[in-house]
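# Understanding the architecture of this molecule
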Amino acid sequence: VEEFPHLPTLNVAAAISAAVAAVLLLMHRQELLEMRGRSWILCFAAMSVAFVAFAVRGSGPDWVPIVVGNAMAWLALAAAWHGSRQLRAAPSCASLVVVPCLLWIGLCTTSEFYTSEQVRIATAGGFGIVLLSGATIEAWISWRATRLSSLRDVALLFSLYFPYFLLRSLFVLVGQPSVALAMGGWLVFVSATAIPYMILAVTRERAIQTQRQREVDGLRAGRADIDRLLKDLPAVVFLRELLPDGSTRLLYRGGDAERVTGWPAAVLDQLDDVSQLAVSLTDAERTASYKRAMAGEVASLEYEIKQPGGGTKWVRAIGRVLDQRPDGPVLGVGHIVDIQEQRNAEARAASAARLASLGEMALGLAHELRQPLAIVSMAAENVLDDIETGDLKAAEARLHRIIRQNQRASDIIDNLRRFATGAQHAGSAEPVALQEAVERALLLAGGSLHAAGVAVEQDIPSPSPVALAWPGAIEQMLVNLLSNANDAMAARPPGTRRVRIIAAADHGAGTVRLAVSDTGGGVPPHILPRLFQPFVTTKTQDRGTGLGLAICHGMAKALGGGIAARNQDEGATFTIILPAAPPPARDAARSAA
Amino acid sequence: MLLVDDEPEFLQELGPYLRARGWTVTTSPAPPEALVQLATHADIAVVVTDVRIADRDGLELAHRILRERTGPTAVAVVVVTGHGELRGSNPTSAPMELPILYKPLAMGVFMATLEAAACRAHAARMAACGNPRGDSPTS
């Protein structure tokens, strides 16, 4: 066959190369099996045999190169076609691979074909072009489908045959068939040696690609598993990237976000952060929480979010840093839960406790109100007398007294109203002088204490320490503590009932302290550890709800402080710690500067 | 009469009112002082006291006076209180001997109670003069 010039050494080298490639592929058959590329082994084995057969041309029987050589060449090309299709998992029938080979052998059995070289060369050209085109086209298509770069190189090498056919025809036309033959010989040699190793590269690349795909699939399956697990969790679980500029980016969100936020998934998918729905979240709060998280603490942030049907609901976001690298992104993980129910319950409990305290205070308040009323009515009687006697100066003094005492009564009622309305949790904290808060609390609780013969001592430095709290919050806590102290001392003999209120500022920590001590014998030690839990009480059912201290605790915590209890000397001491208000003097100094 | 109350403004109003109506009035801010006043002024026949005075018990003072001051030195006691809790409760003493009035005072009732108390003290003293072992509240 003239396509393959008679260069026995070249043919033997190509045969060895193809054989080695076939053996190597055989050693990698596991990978080939996985990519269903077994026919490539057949391809190179057949190629190897074909080159051996061509090598014996001229020095052996004629039929070896003509029949065996060409049949094996067609088998190799058909296997390459088939192998290329297999690389992209295209449907293909393995048994068809042998059809061109068998067809050639069949043709060779006819004597005209075998003896007429012209017919043979023409037929062989047809076989070669068809099979080569098929293999080339399939290799290109498979490269497009799999994006394996080594497969593209294989396709390129296959493609080189087409310009070769053109050039060959040209050289034959210009009467230089030997050049054409040499070109063909070299091309066949190069492709026969290069393509097998390229196919090896394809198998390696494909194996890596498959491995990667498996990892991706595994991740995807894992994530789908997580999604399935978290689907009904009443929390939004999130993974975020925290960037050095203080911003964050959502990487993953799971859990029943629709239930937690009240918004449909379509809206939530557009949101990077659920807190974008917040109505009451300041940048300062965001920054503080971000800083806490970056400091390695568990950051907790509570905020109200809008609801699709109007209104709002409270949620709590809790997050922490997963791992922190010196530079580059930091991963944060956390969850968001719906705390509206909890807020509602807290509000109900607070209001219940307030009402209970009001009930406990009612008797004392009656006394507090009767005192000024008694003075007012007496003074009014006397004014009538003064008018009768014409002592207008005395009448005037008494009228002033009436006004003063009226004011006293109305102050008590004001305080009561403020207490009954409850401290406004949603409002912002303001500076509250402890001295004034104590006075207001005593206006409310003083009556009961007075009625029970409790001596009230105060130890508040001047000027008074100033806390940062909601208006009314300190009063509510104090009234609670004073009322508790009063109840605790009910069983003590009169004359030994004392309450001591101590206020102090801790400048180092930026906090203020308000302590209420009684002489009621202290809290039973077994109750002390859970004293601030709801419904824990040392009182009988009709006296206490067990909510008062729990409310105080919640309130102090929400204000950024805390409350603690301990037994000492003759009774219990409750200490409220609150953040100190920034000194106004500093502001004044700054504005003066 | 002696007024015992820890609210000075109340004393400043009640004192002149009673004086204008013919009473001789002394005032005292606390039970111990009241007992001293009583001991030094034998002519005090009526004591008006609050129930709670500072951290001392006005009711206890009332009972002590009723117990100790009998016969020729008998003193009648009237209790005034700003507390609601005594209303409807059952004080240990008979109402006749220890009338309890509530602040703010209804002046008509208060004056009548004072008159009655003065009469009671007077009657007790007169009876004691005629019959030294007379019917004192503690006998």
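Heads up: these notes are all about the structure in this document. (Residues numbered from 1 in each chain as written. Chains lettered and ligands numbered in written order. Predicted model: local features only at pLDDT ≥ 70, side-chain atom pairs only at ≥ 80, totals over all residues. Heavy atoms only, no water.)

## Thoughts on the overall build of chain B
This is how it is decided: Helix and strand definitions follow DSSP, with helices as H or I runs of at least four residues and strands as E runs of at least two, each counted in order from the N terminus. The rule is simple: take the accessible area with a 1.4 Å probe, protein chains only, and divide by the maximum for that residue type; under 20% is buried, over 50% is exposed, in between is partly exposed. Throughout, a contact is declared for two residues whenever any of their heavy atoms are within 4.5 Å. Working definition of accessibility: Shrake-Rupley area with a 1.4 Å probe, residue cover restricted to the visible protein chains.
What chain B contains, in helices and strands, is 4 helices and 7 strands. Counting from the amino terminus, helix and strand elements in chain B follow one another as β-α-β-α-β-β-β-α-β-β-α. Across the 139 residues in chain B, those meeting the buried criterion constitute 48%. Look at the contacts in chain B between residues 6 or more apart in sequence, and 64% of them connect residues 24 or more apart. Of the roughly 6,600 Å² that chain B leaves accessible, carbon and sulfur atoms contribute 57%.

## Points about the interface of chain A and chain B
Rules: The term buried area means the drop in 1.4 Å probe accessible area that two parts suffer when joined, counted for both and summed. Any carboxyl oxygen of Asp or Glu that lies within 4 Å of a side-chain nitrogen of Lys or Arg is treated as forming a salt bridge with it. Identification of polar contacts relies on pairs of N or O atoms within 3.5 Å, with a donor-acceptor requirement for protein atoms, meaning one able to donate a hydrogen and the other able to accept it, and with residues adjacent in sequence counted only if both atoms are side-chain atoms.
In this complex, chain A contributes 22 residues to the contact, which on the side of chain B involves 23 residues. In total, about 2,200 Å² of surface goes out of reach between chain A and chain B, with carbon and sulfur atoms giving 49% of it. In terms of surface lost to chain B, no three residues of chain A exceed Arg370, Met378 and Arg401 of chain A, which account for 28% of the buried area on that side. Taken together, the links from chain A to chain B amount to 6 salt bridges. The salt bridge partner of arginine 404 of chain A is glutamate 9 of chain B, with a shortest N-O separation of 3.6 Å. Between the two partners, chain A and chain B, sit 10 residue pairs in polar contact (both at pLDDT 80 or more).

## Remarks on the sheet that holds strand 3 (residues 299–306) of chain A
Residues and elements named next belong to chain A. Rules: Criterion used throughout: strands pair if DSSP finds at least two bridges between them. For helices, the fitted line uses only the C-alpha atoms of the stretch in contact; every axis is such a line through C-alpha atoms, and the angle between N-to-C directions lies from 0 to 180 degrees.
The strand order across the open sheet formed by 5 strands is 2-1-5-4-3, and the pairing between neighbours is antiparallel. Each edge of the open sheet carries a strand with a single partner, namely strand 2 (248–255) and strand 3. Adjacent strand axes in the sheet meet at a mean angle of 25° when their direction is disregarded. Judged from the 7 bridges that link them, strand 1 (residues 235–242) and strand 2 form a sheet pairing that is antiparallel. Paired with leucine 239 across the strands is tyrosine 252, a residue of strand 2. Contacts between helix 10 (residues 177–230) and the sheet are confined to strand 1 and strand 2, with strand 2 contributing the most and set at about 60° to the helix. Those strands touched by helix 13 (residues 283–294) are strand 1, strand 2, strand 3, strand 4 (312–323) and strand 5 (330–338), and its axis lies near 150° from that of strand 3.

## Here's the deal with the pairing of strand 5 of chain A
All names here are of chain A. Judged from the 8 bridges that link them, strand 1 and strand 5 form a sheet pairing that is antiparallel. From the neighbouring strand, alanine 235 faces strand 5, where its bridge partner is valine 337. In this structure, strand 4 lies alongside strand 5, joined through 8 bridges in antiparallel fashion. In the sheet register, glycine 319 faces strand 5, and the bridge partner there is glycine 334.

## A short note on the packing of helix 9 (residues 161–173) of chain A against helix 10 of chain A
Residue and element names in this part refer to chain A. To keep things clear, this is the line we draw: Angle categories: roughly parallel below 35 degrees, roughly antiparallel above 145, roughly perpendicular from 65 to 115, and oblique for all the rest. Crossing handedness is read from the near helix: turned anticlockwise from the far helix by less than a right angle, it gives a left-handed crossing, and turned clockwise, a right-handed one.
Their axes nearest at 8 Å, the elements helix 9 and helix 10 cross at an angle of 165°. On the basis of the axis angle, helix 9 is roughly antiparallel to helix 10. Our pair here, helix 9 against helix 10, has a crossing hand that is left-handed. Note on element contacts: helix 10 touches helix 9 through Pro177, Val179, Ala180, Met183, Gly184, Leu187, Val188 and Ser191, opposite Tyr161, Tyr164, Leu167, Arg168, Phe171 and Val172.

## A few points about the nonpolar core
Residue and element names in this part refer to chain A. So the rule is basically this: What we call a nonpolar core is a set of buried Ala, Val, Leu, Ile, Met, Phe, Trp, Tyr and Cys residues that are connected through their side-chain atoms within 4.5 Å.
Counting residues in each nonpolar core, the largest one holds 58 residues, and the members touching the most others are Trp40, Phe44 and Phe158. At the level of secondary structure, the elements contributing two or more residues to this core comprise helix 1 (8–27), helix 3 (39–55), helix 4 (63–87), helix 5 (99–108), helix 7 (117–146), helix 8 (149–159), helix 9 and helix 10. The element best represented in this core is helix 4, accounting for 13 residues. Residues in contact with phenylalanine 44, not counting those within four places in the same chain, are Ala18, Ala21, Ala22, Leu25, Ile195, Pro196 and Ile199.

## Section: the pattern of salt bridges
Under the defined criterion, the tally for this structure stands at 26 salt bridges over all chains. In this structure, the salt-bridge partner of aspartate 385 of chain A is arginine 21 of chain B, at a minimum N-O distance of 2.6 Å. With aspartate 385 of chain A in helix 14 (residues 340–389) and arginine 21 of chain B in the loop between helix 1 (8–20) and strand 2 (26–28), the pair connects residues from two separate chains. Judged by relative accessible area, aspartate 385 of chain A falls into the buried class, the value being 15%. Counted as one network, the salt bridges with shared partners bring together Asp386, Arg398, Arg401 and Arg404 of chain A together with Glu9 and Glu13 of chain B.

## A look at unusual backbone geometry
With an omega of 0°, the peptide bond between serine 462 of chain A and proline 463 of chain A qualifies as cis. Its location among the elements puts proline 463 of chain A in the loop between strand 7 (455–459) and strand 8 (466–469). Here the residue pair lysine 103 of chain B and proline 104 of chain B is connected by a cis peptide bond, since its omega of -5° sits within 30 degrees of zero. Tracing the sequence through the fold places proline 104 of chain B in the loop between strand 7 (100–102) and helix 4 (107–130). Phi at alanine 89 of chain A is positive, roughly 60°, even though this residue is not glycine. You can see alanine 89 of chain A is positioned in the loop between helix 4 and helix 5. One non-glycine residue, arginine 147 of chain A, adopts positive backbone phi at about 55°.

## Concerning the pairing of strand 6 (residues 76–81) of chain B
Walk down a regular strand and you will see the side chains alternate between the two sheet faces. Residue and element names in this part refer to chain B. The buried fraction of strand 6 is high, at 6 of 6 residues. Burial of the side chains of strand 6 extends over both faces: Ala76, Val78 and Val80 are buried on one face and Val77, Val79 and Thr81 on the other. Note that strand 6 and strand 7 share 3 bridges and pair parallel. What sits directly across from threonine 81, in strand 7, is tyrosine 102.

## Quick notes on a nonpolar patch on the surface
Residue and element names in this part refer to chain A. For clarity, the threshold we go by: Patches here are clusters of residues that have more than 30% relative accessible area and form no salt bridge, with a 9 Å joining cutoff for like charges and a 5 Å cutoff for nonpolar side chains (Val, Leu, Ile, Met, Phe, Trp, Tyr).
Residues Val12, Ile16, Val20 and Tyr197 make up a contiguous nonpolar surface patch of about 320 Å² in total accessible area. With 3 residues, the single largest contributor to the nonpolar patch is helix 1. Exposure remark for valine 20: the relative accessible area of 40% places this residue in the partly exposed category.

## A look at the packing of aromatic side chains
How two aromatic rings sit relative to each other is given by the distance of their centres and the angle of their planes. All names here are of chain A. Rules: Working definition: rings of Phe, Tyr and Trp (its six-membered ring) pair if their centres are within 6.5 Å, and the pair is stacked with planes under 30 degrees apart, edge-to-face with planes over 60 apart, and tilted otherwise.
Within the structure shown, the criterion is met by 6 aromatic pairs over all chains. Their ring planes at 80° and their centres at 5.9 Å tell us that tryptophan 140 and tryptophan 143 sit as a pair that is edge-to-face. Here tryptophan 140 pairs with tryptophan 143, and both are found in helix 7, just 3 residues apart, close to one helical turn. Residue classification places tryptophan 140 among the partly exposed positions, given a relative accessible area of 30%. A relative accessible area of 13% means that tryptophan 143 is categorised as buried. The interplanar angle of 45° and the centroid separation of 5.4 Å between the aromatic rings of tyrosine 164 and phenylalanine 165 together place this pair among those described as tilted.

## Brief notes about the environment of leucine 157 of chain A
Residue and element names in this part refer to chain A. By the element assignment, leucine 157 lies in helix 8. Between the C-alpha atom of leucine 157 and that of isoleucine 195, which follows or precedes it by 38 residues, the distance is 7.5 Å. Apart from the residues within four sequence positions on either side, leucine 157 is in contact with Ala194, Ile195 and Met198.

## Section: the sheet that holds strand 12 (residues 571–579) of chain A
Residue and element names in this part refer to chain A. Across the sheet, 5 strands lie side by side as 7-9-10-12-11; this open sheet has mixed pairing. Pairing within the sheet leaves two strands with one partner each, and these edge strands are strand 7 and strand 11 (562–568). Strand-to-strand twist of the sheet, defined as the mean angle between neighbouring strand axes without regard to direction, takes the value 15°. Sheet strands in contact with helix 17 (residues 473–488) are strand 9 (498–506), strand 10 (511–518), strand 11 and strand 12, and its direction is about 20° off that of strand 10.

## Digging into the packing of helix 1 of chain A against helix 3 of chain A
Residue and element names in this part refer to chain A. Running from N to C, helix 1 and helix 3 point in directions that differ by 160°, and their axes come no closer than 8 Å. Taken together, helix 1 and helix 3 sit at an angle that is classed as roughly antiparallel. Pair helix 1 / helix 3 crosses with left-handed handedness. On helix 3, the residues touching Pro8, Asn11, Val12, Ala14, Ala15, Ala18, Ala19, Ala21, Ala22, Leu25 and Leu26 of helix 1 are Trp40, Ile41, Phe44, Ala45, Met47, Ser48, Phe51, Val52, Phe54 and Ala55.

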